[in-house]
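Examination of the molecular architecture
This is what each chain is made of:
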Amino acid sequence: NKKELSRLVDKFQKELEDMRNQLEHEKEITVQLKELQERLAETEQHLSATSTRKDDMAEKLGDVQGLNTALKTEVAESKSSQAELLSRVNKLLERLDEKEDVLFKVNMEKTELVEKMTETQGFNTQLTLEVTALKEGHAKTTNESNKFAERLEEKETILSNLTSEKNELESKFKKRMKESD
């Protein structure tokens, strides 16, 4: 009996030792499990923070893309407006050139008339006054040359006046020529 009891005690001690070893092993596993849970929680926090940053960056990217699109639209509209304005300025310049050509021709005809009127002394004084007035008007329009629309209107007015004056002078000249015959 004593032997059996000794054997049972040895067996229990061995089982107790095995249980202690198993308990130690389970403690180690529990510690490792806690470490893994802590690392998992930390990883989840980093993942959440990264996800939030990603969402923030995606939102900012959307804002930047929207702004970029708006800027592209604004640039396109600006280019279109600029092209339209340039086209209008070119048309105004063409009209101005046409008016200046006509004005130049009228001025040439007027010069011829002045030469003819010099031959007829009765109109000399009147023609000199008109040329002076025309030069003053022309000097005023030269000072305002950077205002295209105003300049066109002034040129058209001068053209109309000169045409009337030319017709009047031609009529007077013809009348004078008839009187001198």
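Cut-offs applied
- Residues numbered from 1 in each chain as written.
- Predicted model: local features only at pLDDT ≥ 70, side-chain atom pairs only at ≥ 80, totals over all residues.
- Heavy atoms only, no water.
- pLDDT = per-residue confidence, 0-100.
- Helix = DSSP H or I, 4+ residues; strand = E, 2+ residues; numbered from the N terminus.
- Salt bridge = Lys/Arg side-chain N within 4 Å of Asp/Glu carboxyl O.
- Buried < 20%, exposed > 50% of the residue type's maximum accessible area, 1.4 Å probe, protein only.
- Core = buried A, V, L, I, M, F, W, Y, C linked by side-chain atoms within 4.5 Å.
- Contact = heavy atoms within 4.5 Å.

A separate point is the confidence of the model for the protein. Residue-level pLDDT values for the protein average 84, and 86% of them are 70 or greater. Mean pLDDT per element in the protein: helix 2 (residues 124–143) is the minimum at 66, and helix 1 (residues 2–119) is the maximum at 89.

Now for the pattern of salt bridges. Per the stated rule, a full pass over the model turns up nine salt bridges. A salt bridge links Glu168 to Lys172; the nearest nitrogen and oxygen atoms lie 2.9 Å apart. Separated by four residues within a single helix, Glu168 and Lys172 lie in helix 3 (residues 148–180), roughly one turn from each other. The exposure class assigned to Glu168 is partly exposed, which follows from its relative accessible area of 39%. What makes Lys172 partly exposed here is its relative accessible area of 22%. Salt bridges sharing partners connect three or more residues here, namely Arg95, Lys99 and Glu156.

Membership of the largest hydrophobic core is limited to five residues, which are Leu103, Val106, Ile158, Leu159 and Leu162. Where this core is concerned, the elements lending two or more residues are helix 1 and helix 3. For this core, the element with the most residues is helix 3, which contributes three residues. Those residues in contact with Leu103 that lie beyond four places of it in its chain are Lys155, Ile158 and Leu162.

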